[in-house]
Amino acid sequence: MSATTSVTTNATTNATMSHAVRDSLTMLRRNLKRAQRYPAMTFSVVVMPVMMLALFNYAFGGALGLGIGGGSYIDYVTPGIVLMTATAGSVATAVGVCVDMTEGIVNRFRTMAISRSAFLAGHVIGSVIQTVIALVLVTGAAFAMGFRSHAGPVEWLAAAGLLLFVTLALTWISAGIGLVSKTPESASNTPLPLTFLPFIGSAIVPPDSMPTALRWFAEYQPFTPVIETLRGLLMGTAIGTSAWSALAWCTGLTLLGYFWSRSVFHRR
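Definitions and limits used
Residues numbered from 1 in each chain as written. Predicted model: local features only at pLDDT ≥ 70, side-chain atom pairs only at ≥ 80, totals over all residues. Heavy atoms only, no water. Helix = DSSP H or I, 4+ residues; strand = E, 2+ residues; numbered from the N terminus. Buried < 20%, exposed > 50% of the residue type's maximum accessible area, 1.4 Å probe, protein only. Contact = heavy atoms within 4.5 Å. Areas by Shrake-Rupley, 256 points an atom, 1.4 Å probe, with all protein chains shown as cover. Axes fitted to C-alpha atoms, helices over the stretch in contact; angles between N-to-C directions. Parallel < 35°, antiparallel > 145°, perpendicular 65-115°, else oblique. Left-handed = near helix turned anticlockwise from the far one by under 90°. Nonpolar A, V, L, I, M, F, W, Y, C, P; charged D, E, K, R; others polar. Phe/Tyr/Trp six-rings, centres within 6.5 Å; stacked < 30°, edge-to-face > 60°. Lys NZ or Arg CZ within 6 Å of the ring centre and 35° of its normal.

Peer 1: Whenever I open this one, the overall build of the chain confuses me. Can you help?
Peer 2: The helix and strand inventory of the chain stands at 12 helices and zero strands. In sequence order, the chain lays out its α and β elements as α-α-α-α-α-α-α-α-α-α-α-α. For the chain, the residues scored as buried account for 46% of the 268 residues in total. Counted over contacts in the chain with a minimum sequence separation of 6, partners at least 24 positions apart contribute 82%. Split by element, the accessible area of the chain, about 13400 Å² in all, is 69% carbon and sulfur.

Here is the structure:
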C-alpha cells in the first residue's frame, strides 16, 4: 500500500513540475516576443553603458588613467562598465513586471490553469537572456575601443559565469521592485541606484583615491568585489578574497530577491 502511495506521489510531483516548466516556457516566449515588439528598453540597456564607456575612455580617460598606476585606462574601466550593463538590465525587469501587474493581465492568468511560478520565472529568464545579449554587445564595443584581455578560455568562462550569476541576482531583486511598484514610472526609477552603484566602487577609479568615508563604502559594497574579480580574471590582476566575497554577495542577493518576489506575488 505504501509503495503504491509513493509511486502515485512521485507521479503527481513529476506531472506538477512538468506543468510548471511548460507554463514557464510559455511565459518566456511571451516576454521575448514582447521585447521584440518593443525594443526601446532593451536598446537602452546597451546604449547607456556604451555611451558611458566612450565618455570615460575618450573624455576622462587621460586624467583618470593617471590614478590607476599605469596601464591602459580602457582595460581598467571595462569590467566596471560591463557590470553596469547587468545592473541596467534590472530596470527593464522591474518595468516589465510592473506593467503586467498594473494592466490586469495577471488577474487573467490567475483564472487560467497556469502554474503560479510561471509568471515570475518567465520574466526572470527572459530578462536574463536579454541582459546576456547586451553584455556581449557592450563587450564587443569595448574591444572596438581598444580593450584587450589577457584571459584564456577558462578565465573567460569564469567571468561569464560570474556575470550570469550577478545578472540573475539583480533580476530577482528587480522583479520584487516591479511587484511592489504602483506605476511603471516608479518601477523604472527605483532600480536606478543599482545601475549607478558600481560607480561608487572600483569601476572608475581605485577606492584608495576616495575620501575616507566614501572609500570605506566603496570597499564594502557588493559590486566592488564583483568588479575586482572580473578585472582579475580578464586582466590578470590579483583577485585575493574578492572572488569569495563576490559569490557570497551574489548568493545572498539571489536568495533575497527570489523569496521576496515570491512572497509579494503570492500576497497580491
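Peer 1: Please explain the packing of helix H6 (residues 118-144) against helix H7 (residues 153-180) as it appears in this structure.
Peer 2: Angle between the axes and distance between the axes: these two values describe a pair of packed helices. In contact at an axis separation of 9 Å, H6 and H7 are set at 135 degrees when each is read in the N-to-C sense. Compared by their axis directions, H6 and H7 come out oblique. Two packed elements cross with a definite hand, and for H6 against H7 that hand is right-handed. Between H6, through Leu 120, Val 124, Ser 127, Val 128, Thr 131, Val 132, Leu 135, Thr 139 and Phe 143, and H7, the contact on the second element is made entirely by Trp 156, Leu 163, Leu 164, Thr 167, Leu 168, Thr 171, Trp 172, Ala 175 and Leu 179. Tallied by class, the residues present in the contact of H6 with H7 amount to 13 nonpolar, five polar and no charged.

Peer 1: What is the right way to read the packing of aromatic side chains from this model?
Peer 2: Under the criterion given, the structure shown has eight aromatic pairs. Centre to centre, the rings of Phe 143 and Phe 147 are 5.2 Å apart; their planes meet at 65 degrees, and the pair counts as edge-to-face. For Phe 143, a relative accessible area of 31% puts it in the partly exposed group. Look at Tyr 258 and Phe 259: their rings are 5.1 Å apart centre to centre, the planes differ by 75 degrees, and that puts the pair in the edge-to-face class. Overall, the relative accessible area of 29% leaves Tyr 258 in the partly exposed class. Above the ring of Tyr 76, the side-chain terminus of Arg 231 is found at 3.7 Å from the ring centroid.

So, to be careful, I would describe these as geometric facts and stop short of saying anything about function.
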